[in-house]
Amino acid sequence: MDFELNDIQKSVQQTFKDFVDRRVMPQAAAIDENAEFPTELFKEVGDLGFFGMRYPESVGGTNMDILSYCLAVIELSRGSMSLAAACTMQSLMATYFLFRFGDEEVKKHFEAALKGEEIGAICMTEPNAGSDLFAIQTKVLVKDGHFLLSGQKTWVTSAPIANFFTVLAKTDNHEKLSIFFVPSNLKGVTVGKKINKLGACGSVTSEVAFDNVSLPKNYLLGEIGGGTNCLMEILAEIRIMTAALSIGVATAAFEDALKYAKERVQFGKPIGKFQAIQMKFADMEVQLQTAKHYVFYAAYLSDNNLPRHKESMIAKLYASECANSICDQASRVLASYGYATEYSLQRYLRDARFTLIGGGTSEILKNNIGRELGL
Ligand SMILES: Cc1cc2nc3c(=O)[nH]c(=O)nc-3n(C[C@H](O)[C@H](O)[C@H](O)COP(=O)(O)OP(=O)(O)OC[C@H]3O[C@@H](n4cnc5c(N)ncnc54)[C@H](O)[C@@H]3O)c2cc1C
């Protein structure tokens, strides 16, 4: 196993680092404070080719490996979790099923999404079905060669600005999950209340209701009842990506705290010279480095088609827990300034909470890891 990034990976990392330092960092606080979708930056991320990184060149992508994708995700979330959450949604969950199963008509939306000209969203969660996806109640009646979709979804990232939805539902003739493509301008689609959140505030989220929405045959993505298998195809990648989001926000918190510890003087010396503060940095550094390297390892397994189901869960679980611990410790280093909205640390602390939920909660991941161990 090679621990050195290759030239392409280094170049991706540098490109996104420069973009984030130059364009994202100066706007990140305002994006969070105004809770507004960063339209311009989203387009610029699209221009960098981010939305197509994981898709082949034949469909407009750049065919990058997962490790390169993770390096870009880390940089984006180092700058703004709001921007990173919206962009990762667009590059993976919102577009994957269109790419895999869309016909010519549906693929046009996919290709527009890769360029950032259309925005997609995934509708899985419902008011009564979060971790337990099989409990969803959104129903599809199969009728004379077309479908009628009805149900209520919630927590849909990018819903208020989405051109299309990928919707998880149950058909009346099958207990298992199916996936449908649903343009947001169809009759019967209502984007509901915007959800005000603790963090990632510029990644707009809302409820979506479907009331007898008529869908043609070609809007079924995959087979009836094939939804679970389809989700399994990208589950590991979603978890590795969420782990990368965690590393990004943890890096931002760590870097801010390190700078502060070198500058803040108390009792006649920089606070970084006190052993109690050094211990915190040692702990943070160990967590950040081990989490980052495990995420890279999971990406390596995935890129080499090696078994990575359990490893992707470990990466997501460990990186998100480390990110929250690092943000907490970094906030203590800044003390009152870590509590001030003028400083970014409070934003990192709030944003990091999201990584504990998306891609499976820690409890669910621990259950699954236990099951993988034969328990
Ligand atoms: C910012 C944000 C963006 C999101 N974006 C989207 C999106 O775009 N599309 C979408 O469909 N969803 C989205 N979600 C929803 C997300 O996927 C769900 O929140 C997640 O699946 C958890 O569901 P829940 O919040 O209903 O929690 P619940 O499933 O109700 O869980 C509540 C608590 O119980 C625990 N728990 C549940 N079951 C078990 C069990 N069997 N064993 C042990 N503990 C258990 C959980 O770990 C958790 O601590 C988003 C969420 C957030 C916060």
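Residues numbered from 1 in each chain as written. Predicted model: local features only at pLDDT ≥ 70, side-chain atom pairs only at ≥ 80, totals over all residues.

Undergrad: Break down the packing of helix 1 (residues 7-34) against helix 3 (residues 66-79) for me, citing the residues and quoting the values.
TA: For the pair helix 1 and helix 3, interaxial distance at closest approach is 8 Å and the crossing angle is 15°. What the angle tells us is that helix 1 and helix 3 run roughly parallel. In the packing of helix 1 onto helix 3, the handedness of the crossing is right-handed. Contact with helix 1, carried on its side by I8, Q9, V12, Q13, F16, K17, V20, V24, M25 and A28, involves L67, S68, L71, A72, E75, L76, R78 and G79 of helix 3 and no other residues of that element. Of the residues contributing to the contact of helix 1 with helix 3, the split by class is 11 nonpolar, four polar and three charged. (Axes fitted to C-alpha atoms, helices over the stretch in contact; angles between N-to-C directions. Helix = DSSP H or I, 4+ residues; strand = E, 2+ residues; numbered from the N terminus. Parallel < 35°, antiparallel > 145°, perpendicular 65-115°, else oblique. Left-handed = near helix turned anticlockwise from the far one by under 90°. Contact = placed C-beta atoms within 7 Å. Nonpolar A, V, L, I, M, F, W, Y, C, P; charged D, E, K, R; others polar.)

Undergrad: Account for the domain arrangement of the chain, naming residues and giving values.
TA: Under the domain assignment, the chain is made up of domain 1 (7-114), domain 2 (120-224) and domain 3 (228-372). The C-alpha centroid of domain 3 is placed 20 Å from the C-alpha centroid of domain 1. With nine residues, the top contributor of residues to the side of domain 1 that touches domain 3 is helix 3. For the side of domain 1 that touches domain 3, the per-class residue count stands at 14 nonpolar, two polar and four charged. (Domains from an automatic or database assignment.)

Undergrad: Can you lay out the site of the ligand for me, pointing to particular residues and giving the numbers?
TA: Neighbouring the ligand are 21 residues, the closest being M124, G130, S131, T361 and E363. Those elements that provide at least two residues to the shell around the ligand are strand 1 (120-123), strand 3 (146-157) and helix 11 (362-372). When the residues that make up the shell around the ligand are grouped by side-chain class, the tally is 11 nonpolar, eight polar and two charged. Both domains that furnish three or more residues to the shell around the ligand are identified here as domain 2 (120-224) and domain 3 (228-372). (Near = placed C-beta within 6 Å.)

Undergrad: With reference to specific residues and values, describe the environment of L92.
TA: Relative to the helices and strands, L92 is located in the loop between helix 4 (81-91) and helix 5 (93-101). In sequence terms L92 and A330 are 238 residues apart; their C-alpha atoms lie 31 Å from each other. L92 has contacts with R54, I234, E237, I238 and M241, leaving out every residue within four places of it along the chain.

Undergrad: Describe the packing of helix 9 (residues 309-334) against helix 10 (residues 345-355), naming the residues involved and giving the relevant values.
TA: Packing of helix 9 against helix 10 leaves a shortest axis separation of 9 Å and a crossing angle of 165°. Considering their axes alone, helix 9 and helix 10 lie roughly antiparallel with respect to each other. Helix 10 is crossed by helix 9, and the crossing has left-handed handedness. Here S320, A323, N324, C327, D328, A330, S331 and L334 of helix 9 come into contact with helix 10, specifically with L345, Y348, L349, A352, R353 and T355. Split by residue class, the contact of helix 9 with helix 10 holds eight nonpolar, four polar and two charged.

Undergrad: Can you tell me about unusual backbone geometry, naming the residues and giving the values?
TA: Even without being glycine, W155 reaches a positive phi, approximately 60°. Its location among the elements puts W155 in strand 3. Here W155 falls in the partly exposed class, since 19 other C-beta atoms lie within 10 Å of it. For A335, which is not glycine, the phi torsion reads 45° and is therefore positive. With respect to the helices and strands, A335 occurs in the loop between helix 9 and helix 10. (Buried ≥ 20, exposed ≤ 12 C-beta atoms within 10 Å, placed from the backbone.)

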